[in-house]
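# Structural features, examined
One letter stands for each residue in the lines below.
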Amino acid sequence: MRGGYGRAVWLPPGPAVRRPRGAALIPALAVIAGLLGAPGVAAGDWTRPQVLSPAPGGDVDTIALSPVVTGDGRAVVAWRSASDEATPDRLFALDARTGRVSAPVPSPLVAAGRPVALEGPDALAALGDDRIVALADDPRSPATRIRFGLSDAALRPAGVRTLDLHGEPRRPVVRASGGHLAIAALVAPEGATASAERVVVATGPADGRLVVRRLSAPGGIADFAIDVGASGDVAAVWSVERRDEDGRSRRVFGRTMSADGRTGPIRALGPWSETIEIGSVDVDRRGRSAATWIADATPVGSIDGDLRRRPWVARARRRGALVPVRFGDGGRPLSSDRPIGSADAVAATFADSGGLVLAVEGHGRVSAGPLRRSGRLQRLSPRGHPAAIDAVAGAGGRTAVAWSPVIGADAPDLFAPQPSFVSVRGPGGRFAAPHRLGTAITAGPTIAVSPDGRRVVAAWLRGDHAQPRVAELLP
């Protein structure tokens, strides 16, 4: 998800919602005719899905890279084949005027006269004009270096730059907005163990010098998420894990950093919990930030048997510290037509609309809408079967939410094709009736929104051979 530049966010499923790759899938969700739509956005405005490339003979890992949309309206989609190590990724550009998909090309990053593969699922970002930035997966690079490069949206070859994060980086991600760049990773001193890792970020203008700073204290980091706004401001959250006589527990911490490099205090954002799943981080063009995560609704060591999971939201003004937000009646979890007693996914985006838009999955239902003290959200999916939020993206006042049903204990048929859905909300309106992207979707969908909010692109993998497909909402 990108506040202002359409970054899609992957939300890791919990144990009850894990969907095995290649597994047969549950029946289609029925779209209830009584769902409320939004003026100006019709479900029939989506283009027919385009096949990006014939399915390979072997398996495909996933859509390794979310789609991104640059400032000139062009979209770039990438996917990775596990059966073709010589060309581990293929990229496609969608023309902003015709919607036609380009012929597939290998990674635009070039070193020593050959293409360099891209790093992974968080290795691509749009800078906001007509350029993209990508992380390089180059085994020849020293273990203490990260390599990245800048290309245009036409995917013309580009050179590779080297970044030293002063240690051994793990799980690098790249975020970009308005010409500002942030590359983050878990970094430990050379030769040290993972217990010495910190969240480290390099930030600065994409064409200039990137400055490396440490955001977290060292030790026990289980997960992290980061974002940079068009103002150059950064926000990050991470979960820390500990083990004691009560077993394993986690806690979320967060920190903001202004464009000039001044860091705010490290804040604990919630209590210790046996389950913590980080959802998203978003920074808008004014430097305001928000973070979401899921945690157990009861404290560690509670014996009341309550296994509910609560969505959490933290916000910060520019140059301020992240602070948890109380929402809903008495600070209880968000509600749609009834309270969401247990949540499995949550995400948020500013969408450059002046307010924060949330998406929450709970009790097998996806709900979304602006953050309000009343906690009232719009119901997007019918109740009955578990559903997972795949992605949330927003820009130009428009917000898109994509979700899919998942395999759960109450799934009546594990061998039926799986549909996925997307719903779009315009500035100040309501979400449209969900649009069904198709069935037999094995990964995704991921979504991206152009900076002006006019172009919404969805990409996913379909079928046993994971054929990559793409569709978009017409302006």
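Note that the structure is predicted; figures quoted are calculated from it, not measured.

Turning next to the overall build of the chain. Of the regular secondary structure elements, the chain holds 0 helices and 33 strands. Counting over 475 residues, the chain shows a buried share of 59%. Relative to all contacts within the chain whose residues are 6 or more apart in sequence, the contacts with residues 24 or more apart total 54%. A total accessible area of about 18500 Å² is found for the chain, and carbon and sulfur atoms account for 50% of it.

Right, let's talk about the environment of valine 76 for a bit. Note that valine 76 resides in strand E3 (residues 75-81). We classify valine 76 as buried; its relative accessible area is 0%.

Among the 8 residues of strand E21 (residues 309-316), 7 are classified as buried, and the element is accordingly described as predominantly covered. By the bridge criterion, 8 bridges tie strand E20 (residues 289-296) to E21 in an arrangement that is antiparallel. Across the sheet, alanine 291 pairs through a bridge with alanine 314, a residue of E21.

Turning next to the sheet that holds strand E22 (residues 323-324). Sheets are built from strands paired through backbone hydrogen bonds, the pairs being either parallel or antiparallel. What the 4 strands build is an open sheet, ordered E19-E20-E21-E22; its pairing is antiparallel. Whereas interior strands pair on both sides, the edge strands pair on one side only; in this sheet they are strand E19 (276-283) and E22. Pairing between E19 and E20: 7 bridges, direction antiparallel. What sits directly across from valine 281, in E20, is alanine 291.

Evaluation of the coordinates by the stated rule reveals 15 salt bridges. Note that aspartate 207 and arginine 131 form a salt bridge whose closest N and O atoms lie 2.8 Å from each other. In this pair, aspartate 207 is assigned in the loop between strand E13 (198-205) and strand E14 (211-214) and arginine 131 in strand E8 (residues 131-136), connecting sequence segments 76 residues apart. Put simply, aspartate 260 and arginine 262 hold a salt bridge, and the shortest N to O gap is 3.0 Å. One connected set of salt bridges, linked through shared partners, spans Glu241, Arg243, Arg248 and Arg250.

A positive phi angle, close to 55°, is found at alanine 112, a residue other than glycine. Within the fold, alanine 112 resides in the loop between strand E5 (110-111) and strand E6 (114-115). Unlike most non-glycine residues, leucine 155 shows phi in positive territory, near 65°. Residue position: leucine 155 is located in the loop between strand E9 (145-152) and strand E10 (161-164). Relative accessible area serves as the criterion here: at 7%, leucine 155 is assigned to the buried category.

Attention now moves to the packing of aromatic side chains. In total, this model carries 2 aromatic pairs according to the counting rule given. Geometrically, the ring pair formed by tryptophan 293 and tryptophan 312 is stacked, given 5.7 Å between the ring centres and 10° between the ring planes. Remark: tryptophan 312 occurs in strand E21 and tryptophan 293 occurs in strand E20; sequence separation between them is 19 residues. For tryptophan 293, a relative accessible area of 1% corresponds to the buried category. The cationic tip of arginine 242 hangs over the ring face of tryptophan 272; the distance from NZ or CZ to the ring centre is 3.9 Å. The residue whose ring lies beneath arginine 310 is tryptophan 312, and the NZ or CZ to ring-centre distance is 4.4 Å.

Before going further, it helps to examine the sheet that holds strand E33 (residues 467-473). The 4 strands lie next to each other as E1-E33-E32-E31, forming an open sheet whose pairing is antiparallel. This sheet does not close on itself; its edge strands, each paired only once, are strand E1 (50-51) and strand E31 (441-449). Of the strand pairs in this sheet, strand E32 (residues 456-462) and E33 are connected by 7 bridges, and their pairing is antiparallel. Within the sheet, the bridge partner assigned to arginine 462 lies in E33 and is glutamine 467.

Ranked by internal contacts, the top residues of the largest apolar core, which has 20 residues, are Val133, Phe148, Leu163, Leu165, Leu181 and Ile183. Those elements that place two or more of their residues in this core are E8, E9, strand E11 (168-177), strand E12 (180-188) and E13. Tallying contributions element by element places E12 first for this core, with 4 residues. Discounting chain neighbours no more than four positions away, the residues touching valine 133 are Ala123, Leu124, Ala125, Phe148, Gly149, Leu150, Val174, Ala176 and Leu181.

This brings us to the environment of alanine 368. Along the chain, alanine 368 turns up in strand E25 (residues 365-370). The sequence separation of alanine 368 and alanine 347 amounts to 21 residues, and the corresponding C-alpha distance is 9.4 Å. Those residues in contact with alanine 368, other than ones at most four positions away along the chain, are Leu358, Ala359, Leu377, Gln378, Leu380, Val401 and Phe431.

Now for the side chain of threonine 349. With respect to the element layout, threonine 349 can be found in strand E23 (residues 343-349). Among the residues examined, threonine 349 registers a relative accessible area of 0% and is labelled buried. Within polar-contact distance, the side chain of threonine 349 engages the side chain of aspartate 282 at 3.5 Å.

Attention shifts here to the confidence of the model for the chain. Overall, the predicted model of the chain reaches an average pLDDT of 77, with 75% of residues at or above 70. The least confident element of the chain, judged by mean pLDDT, is strand E2 (residues 60-69) at 62; the most confident is E13 at 96. Across residues 1-44, where pLDDT falls below 50, the model places 163 contacts with residues more than four positions away in sequence or in other chains.

Note on placement: arginine 140 falls in the loop between E8 and E9. On the basis of relative accessibility, which here comes to 48%, the residue arginine 140 falls in the partly exposed class. Apart from residues no more than four positions distant in its own chain, arginine 140 is found in contact with Ala111, Ala112, Arg114 and Arg147.

What counts as what
Residues numbered from 1 in each chain as written. Predicted model: local features only at pLDDT ≥ 70, side-chain atom pairs only at ≥ 80, totals over all residues. Heavy atoms only, no water. Helix = DSSP H or I, 4+ residues; strand = E, 2+ residues; numbered from the N terminus. Buried < 20%, exposed > 50% of the residue type's maximum accessible area, 1.4 Å probe, protein only. Contact = heavy atoms within 4.5 Å. Areas by Shrake-Rupley, 256 points an atom, 1.4 Å probe, with all protein chains shown as cover. Pairing = 2+ DSSP bridges. Salt bridge = Lys/Arg side-chain N within 4 Å of Asp/Glu carboxyl O. Phe/Tyr/Trp six-rings, centres within 6.5 Å; stacked < 30°, edge-to-face > 60°. Lys NZ or Arg CZ within 6 Å of the ring centre and 35° of its normal. Core = buried A, V, L, I, M, F, W, Y, C linked by side-chain atoms within 4.5 Å. Polar contact = N/O pair within 3.5 Å; in protein donor to acceptor, adjacent residues only side chain to side chain. pLDDT = per-residue confidence, 0-100.

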